[in-house]
Amino acid sequence: MGLLTIGAFAKVSRLSPKALRLYDELGLLTPARVDPVTGYRSYAPEQLDRARLVAWLRRLGMPLARIQHVCTLEAGPAAQEIRAFRAQFEADTAARRDLAVFLIDHLSRKGPAMPPVTEPLGIRYAALSDTGLVRESNQDTVYAGSRLLAVADGYGGRGAVASAAAVDALKPLETDGIPAGPLLNVLEDAIDRAEHAVHGAAGNGPSSEEDGTTLTAMLWTGSQLALVHIGDSRAYLLRDGELSRITHDHTVVQSMVDEGRLSPEEAASHPQRSLLVRALGRGADATPDMRLHDARRGDRYLLCSDGLPAVVPAEEIHRALSGTGEPEQAVRGLIALANGSGGPDNVSCLVADVVALQR
């Protein structure tokens, strides 16, 4: 079989002639022959496999630069790269889904059809931070108030200052209440303030890009808890006896688990398990996850730095949260569990119970 014209090749590869010309200009799919007089392109039949791969990857929505990289790989690494793209796509889709749910819930509550809250609710809370048994200083900051719940885990030489700055930037939500306007905008403004505060705390020295903090915070609105999350501190919900994690770690290792490159068991002992892909700090991606949780009487929320789940299995966290009555007992018990497992890191815990208020 001889060379195919651009029209014939476009038909069998399911790529338009216009796309083929573009891919030639980018060096992604170079014709087997270009007529020196007419500039007419011809393609070899053995180029069909690559052309079809390009077509399939474009249907996936993969950017051309990444397609070019995939096409340079052998079959195994190429499949791994596509798997990674799928994981990223699914994560982006999940983030958009969560944002859509957030907006739908928030806007629905502003409509006249929403039924009134049947009982007034409040939160009862306690927080505690501990240096642990190995570290010389504590870079965590934890805050619990009637509206604001927050845990931040600093890193770098000025990590303690960074975590304190991030939490301090949110405290106006506690003292001044919730400003007028959409809740989504309120949370975004709060994160912007926290990001600028952390940059200011880190300074402009040569090591400033090594300083930053995670931030996991919840804002109590009277019937809901709005969550903002960046990094690998965590939030859990104990509801009807079931414990669920309601945050997603923004770490390199978690990304590798999402992409299928590591199992959860391998991730638990991976040497880079604390390497962040999102944080508040210079040069870091500070895009937060945001969610809105309807409160139910009897809910128990846990916010904690990674010093707890790094050494205490989820089953033990569940038992500790389920087996204690008051939030203060729970936070003391959780920190005791972390230190009982060696206390290799700072550990901060905040427990908040949703309770009915007396009318």
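For the structure, see preceding data.
Rules and cut-offs
Once a new chain begins, its residue numbering starts again from 1 and follows that chain's sequence as written. Note on the predicted model: pLDDT of at least 70 is required for a residue's local features to be given, and 80 or more for side-chain atom pairs to be given and counted; whole-chain, interface and lining totals, by contrast, use all residues. Excluding hydrogens and water, the side-chain figures rest on all heavy atoms present in the structure. For helices the rule is a DSSP run of H or I covering at least 4 residues; for strands it is a run of E covering at least 2, with both sets numbered from the N terminus onward. Categorising residues by exposure relies on relative accessible area from a 1.4 Å probe, with only protein chains included: less than 20% of the type maximum marks a residue as buried, more than 50% marks it as exposed, and the intermediate range marks it as partly exposed. Whether two residues are in contact is decided by their heavy atoms, any of which lying within 4.5 Å being enough. For the area figures, the Shrake-Rupley method with a 1.4 Å probe applies, and any residue is considered shielded solely by the protein chains shown. We define a salt bridge as a side-chain nitrogen of Lys or Arg found within 4 Å of a carboxyl oxygen belonging to Asp or Glu. Directions drawn from the helix axis to the C-beta atoms are what define this arc. For two strands to count as paired, DSSP must find a minimum of two bridges between them. Disulfide assignment relies on a single distance test, namely cysteine sulfur atoms paired within 2.5 Å. For Phe, Tyr and Trp, where Trp contributes only its six-membered ring, two rings pair if their centres lie within 6.5 Å, and the inter-plane angle classes them as stacked under 30 degrees, edge-to-face over 60, or tilted in between. Residues enter a nonpolar core if they are buried and are Ala, Val, Leu, Ile, Met, Phe, Trp, Tyr or Cys, with the set joined through side-chain atoms within 4.5 Å.

> Please give an account of the overall build of the protein chain that cites residues and values.
Within the protein chain, the regular secondary structure consists of 12 helices and 15 strands. The buried share among the 359 residues of the protein chain stands at 43%. Within the protein chain, contacts between residues at least 6 apart in sequence are counted, and of these 66% link residues at least 24 apart. Carbon and sulfur atoms form 52% of the exposed surface of the protein chain, whose accessible area is close to 18000 Å².

> Tell me about the environment of M218, and please be specific about residues and values.
Along the chain, M218 turns up in strand β8 (residues 215-220). By relative accessible area, M218 is classed as buried at 0%. Each C-alpha atom, one on M218 and one on V151, is 9.3 Å from the other, the two residues being 67 residues apart in sequence. With residues near it in sequence (within four places) discarded, M218 still touches R147, L148, L149, L225, A226, L227, I246, H293, Y301 and L303.

> I'd like a description of the pattern of salt bridges, backed by residues and values.
If charged atoms from side chains of opposite charge come close, those side chains can pair. All chains considered together, the criterion is met by 13 salt bridges. Measuring nitrogen to oxygen at the nearest pair gives 3.2 Å for the salt bridge that ties D289 to R278. Remark: R278 occurs in the loop between α10 (264-268) and β12 (280-281) and D289 occurs in strand β13 (residues 289-294); sequence separation between them is 11 residues. Each of the salt bridges in this network shares a partner with another, and the network as a whole consists of R234, R245 and D249.

> Before we move on, could you go through helix α4 (residues 64-71) and cite the residues and values that matter?
Those residues of α4 that sit buried are I67, V70 and C71. Taken end-on, α4 shows its buried residues confined to a sector of 95 degrees, consistent with a single buried face.

> Got a sec to walk through the pairing of strand β14 (residues 300-304)? Specific residues and values, please.
For β14, the buried fraction is high: 5 of the 5 residues fall into the buried class. On β14, burial covers both faces: R300, L302 and C304 on one face and Y301 and L303 on the other are all buried. Examined bridge by bridge, β14 and strand β15 (residues 347-356) share 5 bridges and lie antiparallel to one another. Within β15, the position partnered with L303 by the bridge is L350.

> Explain the side chain of D249 to me, using residue names and the numbers behind them.
Note that D249 resides in the loop between β11 (242-245) and α9 (252-258). Those residues in contact with D249, other than ones at most four positions away along the chain, are H229, G231, D232, S233, R234 and Q254.

> I'd like a description of the state of the cysteines, backed by residues and values.
Tallied over the entire structure, the rule returns 0 disulfides. Of all cysteine sulfurs, the one in C349 lies closest to C304, which takes part in no disulfide; the gap is 5.6 Å. What makes C349 buried here is its relative accessible area of 0%.

> Lay out the packing of aromatic side chains with the relevant residues and their values.
Summed over all chains, the structure comprises 1 aromatic pair. Judged by centre distance (4.4 Å) and plane angle (10 degrees), the ring pair of F9 and Y43 falls under stacked. Here F9, found in helix α1 (residues 6-13), pairs with Y43, found in strand β3 (residues 41-43); they are 34 residues apart in sequence, far enough to count as distant. For the pair formed by F9 and Y43, the shared burial category is buried.

> Mind laying out the nonpolar core, listing which residues take part and the relevant values?
By size, the foremost hydrophobic cluster in this structure holds 26 residues, and its most contacted members are L170, L183, L187, A194, L215 and L280. Looking at this core, the elements with two or more residues in it are β6 (148-155), α6 (159-170), α8 (183-202), β8, β9 (224-230) and β13. Counting residues per element, this core draws most heavily on α8, at 7 residues. Those residues within four positions of A194 in sequence are excluded, and the remaining contacts are A166, A169, L170, L215 and L280. By size, the runner-up hydrophobic cluster in this structure holds 22 residues, among which are A19, L20, L57 and M62.

> How would you explain the sheet that holds β3 if you had to name every residue and give the values?
What the 3 strands build is an open sheet, ordered β1-β3-β2; its pairing is antiparallel. Here the strands that pair on one side only, and so sit at the sheet edges, are β1 (4-5) and β2 (33-34). Here β1 pairs with β3 via 2 bridges, running antiparallel. Looking across to β3, one finds that L4 is bridged to Y43.

> Kindly report on the environment of Y23, identifying the contributing residues and their values.
Inspection of the secondary structure assignment puts Y23 in helix α2 (residues 17-25). Relative accessible area serves as the criterion here: at 5%, Y23 is assigned to the buried category. In this structure, the C-alpha to C-alpha distance between Y23 and Q68, residues 45 residues apart in sequence, is 9.5 Å.

> Account for α2, with residues named and values stated.
Every buried residue belonging to α2 is among A19, L20, Y23 and D24, and all of these are buried. Looking straight down α2, one finds that the buried residues subtend no more than 140 degrees of arc, so they occupy a single side. In α2, those exposed residues whose orientation departs by more than 90 degrees from the buried face are K18 and E25. In this fold, the buried residues of α2 make contact with α1, β3, α3 (48-60) and α4. Remark: G27 follows α2 within two positions and exhibits a positive phi of approximately 80 degrees.

Note that every value here comes from positions in space, so none of it alone points to a role or purpose.
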